[in-house]
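Close look at the chain arrangement
Each chain, letter by letter, is given below.
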Amino acid sequence: MAELKRTCLYDLHVELGAKMVPFAGYDMPVQYPLGVMKEHRHCRAAAGLFDVSHMGQVLLTPLDGDVASAAAALETLVPQAILGLKEGRQRYALFTDAAGGILDDLMVANRGDHLFLVVNAACKEADIAHLRAHLSDRCRIEEITDRALLALQGPAAEAALSALVPGAAEMTFMDVLVTDSDWGALWISRSGYTGEDGYEISVPEAQAEAFARALLAGDAVEPIGLGARDSLRLEAGLCLYGNDIDTTTSPVEAALEWAIQKARRTGGAREGGFPGAARVLDELETGATRRRIGLLPDGRAPMRAGTEIFAAAEGGAPIGAVTSGAFGPSIEGPMSMGYVDIAHAADGTELFGEVRGKRLPARVVPMPFRPSTYKR
């Protein structure tokens, strides 16, 4: 097994009493002494600080100096409208492959003369190779390796960050900002992956620990590990790459068609032109044969990843499977997401998950399981 990498905040995690586990090739904190349940609830009630420095940060700079050139180039790899993205804003996007599967999900920000991308840790090497293979004739592709990435999430995040960085409070959901601070240039987006208001902040690696300590000095802020991050994003109905989406799932199967703007759809100004467009555009028009759904199991037992889903309490072949499942502290019950045949995907449908040899009832419900609280 390859030696685990460490983020620049590793020593701080250990000092704070974190339990460290392997994740995407890194030694990462899964929980702190507070425990997963209390960490989850604290993030919902106040503010939680997450180390997400394992994720990839990439600059895409147009060789001709026109950011529209970089946007047009990136549109050849994603079904999103990047040309329509205004300066100071960011957008959720998907790298697709030739078969219409999802190579990764990512964030794309327009920072005036270049694009800034944040990609998943497990996919970053492949993503950067993919960008270089297809866009090097039009863009300079630069992986940023000397900056940490922190996520500050929860209703108290605005007050906690504004105390250190004036200007953060004026931002709304999906705004991006580059600003000077006592910890060097901060690259801030008002976004995150918990369903809460909050920020993701890229900070120079040499200043990252001091910046993290400054945030944690606030009464409202606690460090939060991967355990609570997973239950928070699941309550928010958000996909985890490698669990809920991958190369075997299309954007339409994954119920992510909301992320494909009109300009890239059939009849749009820049219809298609991305890998797998024929399949994705067809599914947008006619639907997919299966669908990602939310499930609320009866009782208290979670239906976890891999649980087979059936249409009836007895007999019949599986019609799908759970891809993520956990207990939701905020909804005070178990929740799951997964894929089922389209005939069984309607909200309110009763299905059955096989847990330890028994088929237990569950109900198809809309996601998110808990309403999101982004600052619009």
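Quick summary incoming for the structure in this document. Source: prediction; values computed, not measured.

**Some thoughts on helix 4 (residues 124-135)**
Here helix 4 spans 16 Å end to end across 12 residues, near enough to the 16 Å set by a 1.5 Å rise per residue. Taken residue by residue, helix 4 has Lys124, Asp127, Ile128, His130, Leu131 and Leu135 as its buried positions. Down the axis of helix 4, the smallest arc covering the buried residues is 155 degrees, so these residues share one side. Structural note: helix 4 exposes Glu125, Ala126 and Ala133 on the side pointing more than 90 degrees away from its buried face.

**A short note on helix 7 (residues 226-235)**
Of all 10 residues making up helix 7, 8 are buried, and the element is well covered by its neighbours. Taken together, the buried positions of helix 7 are occupied by Leu226, Ala228, Arg229, Ser231, Leu232, Arg233, Leu234 and Glu235. Two residues or fewer after helix 7 comes Gly237, characterised by a positive phi angle close to 70 degrees.

**Quick look at the state of the cysteines**
Taken as a whole and assessed by the stated rule, the structure comprises 0 disulfides. Distance from the sulfur of Cys239, which forms no disulfide, to the nearest cysteine sulfur (Cys123) is 13 Å. When its relative accessible area of 4% is taken as the criterion, Cys239 is described as buried.

**Details of the layout of surface pockets**
In this structure, the second largest pocket encloses a volume near 190 Å³. What lines the second largest pocket is a set of 15 residues, and nearest its centre among them are Tyr26, Ser53, Thr145, Arg147 and Glu205. Those elements that provide at least two residues to the lining of the second largest pocket are strand 4 (56-62) and strand 8 (139-144). Considered class by class, the residues forming the lining of the second largest pocket number 4 nonpolar, 6 polar and 5 charged.

**A closer look at the sheet that holds strand 3 (residues 47-51)**
Taking strand neighbours across the sheet as the criterion, the 6 strands line up as 10-11-12-9-3-13 in an open arrangement whose pairing is mixed. Here the strands that pair on one side only, and so sit at the sheet edges, are strand 10 (176-179) and strand 13 (221-223). On average, each strand axis in the sheet is tilted by 25 degrees relative to the strand beside it, whichever way the strands run. Bridging between strand 9 (residues 147-153) and strand 12 (residues 198-204) involves 7 bridges; their strand directions are antiparallel. Among the inter-strand pairings, Gln153 is bridged to a residue of strand 12, identified as Gly198. Along the sheet face, helix 2 (residues 36-45) touches strand 3, strand 9 and strand 13 and points at about 120 degrees away from the line of strand 3.

Calculation criteria
Residues numbered from 1 in each chain as written. Predicted model: local features only at pLDDT ≥ 70, side-chain atom pairs only at ≥ 80, totals over all residues. Heavy atoms only, no water. Helix = DSSP H or I, 4+ residues; strand = E, 2+ residues; numbered from the N terminus. Expected span 1.5 Å × (residues − 1). Buried < 20%, exposed > 50% of the residue type's maximum accessible area, 1.4 Å probe, protein only. Arc of directions from axis to C-beta. Disulfide = S-S within 2.5 Å. 1 Å grid on protein atoms, 1.4 Å probe; cavity = no way out; pocket = protein on both sides within 12 Å on 5 of 7 lines; lining within 4 Å. Points joined across faces, edges and corners; volume = space filled by probe spheres on them. Nonpolar A, V, L, I, M, F, W, Y, C, P; charged D, E, K, R; others polar. Pairing = 2+ DSSP bridges. Axes fitted to C-alpha atoms, helices over the stretch in contact; angles between N-to-C directions. Contact = heavy atoms within 4.5 Å.

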